[in-house]
Amino acid sequence: MSQEECYQEFNENDYDDVTPMSIETELKDELCQIMYTEEYKQLMGWSRALLSKNELTSRAMRLTSKLIDLAPAFYTVWNYRYNILTHLLKDHQDKEGWTAKELDWLDEITLNNPKNYQIWSYRQSLLTNLVPTPTMKRETPIMNMMLDEDSKNYHVWSYRKWVVKFIGDYSQELSYIDMLIERDVYNNSAWSHRMFYLKNIDPENTVVEEEINYVKDKIALVPQNISSWNYLRGIYKLFKLNKYDPEIIEFITQFVNNLSIDENNEQLPEIQSSYALELLAYIYSLNGQENISTHYYKCLATKYDPIRSNYWKHKIELLSQ
């Protein structure tokens, strides 16, 4: 059985000897009858018949291609295809070539179904169990194409984290994230992936300091951006033992216009970033200066972020515990 047979154009005549199994319950007075198309009933009927006999052949694989094109979220068909491919690869010499062909086919399906979870789950199974030598060179183009289309596609980002860690190649990630953040500094998915990268490369102190300077530049560019503030906070939590030096405190303070603890609610000035004020409240709580922290949380509740006033009141309650 050749590889070429598995990727030939679908031909209904190949299934003339197959008696399709019904996919309808045929119950009387069914509450909600699903209106399948005739094409879907025929294809699924053949698939159920072949699956019931555990037929792991090239024509079965061609049938899964047709069904996935028609119903790409049908997990059972994906699983059936995986079993077929696993069986066919057992006696095939060129496993590298065959899995490359399967990934090419999968790329085409992926481009037409950007929000489909099963695609990435299937790809993960291929790389884990069937692809002899997975590489980032092979995986990066399709991920980049999908993220160019939707830079916050959760399924792609989840897969990217998995595959980078699985292969152990982080060499292209930082430059790629830089490009995405330059394009959209608010892209929280890119910031999250940057933190994933930083945690997994076990950075030296110089790298950590470079990252602090990097995020400071982005904060200065857009002060009211929660993504960059969360990244800064994450760096200090993971690599600085939550110890904020006077220099970084001074940097943060400039975005709240040196808000004084003596100012009452009627005289509160405008500030550049409520997220800066939140971080300062947190830092002062770490330093045992609950009075300053309490005042800042009250300012957030009354003027700077009143939509979350209950949350800020809860933070104040926690300070007294």
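What counts as what
Here the residue index of a chain counts from 1 through its sequence in written order. Residues qualify for local features only when their pLDDT is at least 70, as the model is predicted, and side-chain atom pairs are given and counted only at 80 or more; totals for whole chains, interfaces and linings, by contrast, use all residues. Calculation of side-chain values draws on the structure's entire complement of heavy atoms; hydrogens and water are dropped beforehand. Basic side-chain nitrogens of Lys or Arg form a salt bridge, by our definition, when they fall within 4 Å of a carboxyl oxygen of Asp or Glu. Strands are runs of DSSP state E lasting at least 2 residues, helices are runs of H or I lasting at least 4, and numbering of each runs from the N terminus. Note on exposure labels: buried denotes an accessible area under 20% of the residue type's maximum, exposed denotes more than 50%, and partly exposed covers the range between, all computed with a 1.4 Å probe on protein chains only. Note on aromatic contacts: the rings of Phe and Tyr and the six-membered ring of Trp form a pair at centre separations within 6.5 Å, being stacked when their planes are under 30 degrees apart, edge-to-face when over 60 apart, and tilted otherwise. Definition used: whenever NZ (Lys) or CZ (Arg) falls within 6 Å of the ring centre and also within 35 degrees of the ring normal, the charge is taken to sit over that ring. Pairing of N or O atoms within 3.5 Å defines a polar contact, subject to two protein rules: one partner must be a possible hydrogen donor and the other a possible acceptor, and residues neighboring in sequence count only if both atoms are side-chain atoms. Every residue pair with non-hydrogen atoms within 4.5 Å of one another is taken to be in contact.

Chemist: Got a sec to walk through the pattern of salt bridges? Specific residues and values, please.
Modeler: Applying the stated criterion across every chain yields a total of 21 salt bridges. For E139, the salt bridge identified is with R123, shortest N-O distance 2.6 Å. Here R123 lies in helix α6 (residues 117-130) and E139 lies in helix α7 (residues 136-149), a separation of 16 residues in the sequence. In this pair, the class of E139 matches that of R123, namely buried.

Chemist: How would you sum up the packing of aromatic side chains? Please name residues and give values.
Modeler: On inspection of all chains with the given rule, the structure shows 17 aromatic pairs. Arranged with centres 5.1 Å apart and planes meeting at 25°, the rings of Y15 and W46 form a pair that is stacked. Of the two residues, Y15 sits in the loop between α1 (3-6) and α2 (38-52) while W46 sits in helix α2, which places them 31 residues apart along the sequence. We classify Y15 as buried; its relative accessible area is 1%. Owing to a relative accessible area of 4%, W46 belongs among the buried residues under this scheme. With 5.0 Å between their ring centres and 45° between their planes, W120 and Y159 make a pair best called tilted. Of this pair, W120 sits in helix α6 while Y159 sits in helix α8 (residues 154-167), placing them 39 residues apart in sequence. Assigned by exposure class, W120 and Y159 land together as buried. In this structure an aromatic cluster arises from ring pairing among W78, Y82, W105 and Y122. In this structure, R194 packs its charged tip against the face of Y214, placed 3.7 Å from the ring centre. The ring of Y282 carries R233 above its face, with NZ or CZ at 3.9 Å from the centroid.

Chemist: A description of the side chain of H193 should follow, citing residues and the corresponding values.
Modeler: Residue placement: H193 occurs in helix α10 (residues 188-201). The buried category is assigned to H193, whose relative accessible area is 0%. For H193, the side chain forms a polar contact with the side chain of E173, separated by 2.7 Å. When sequence neighbours within four positions are dropped, the list of residues in contact with H193 reads W157, R160, K161, E173 and I177.

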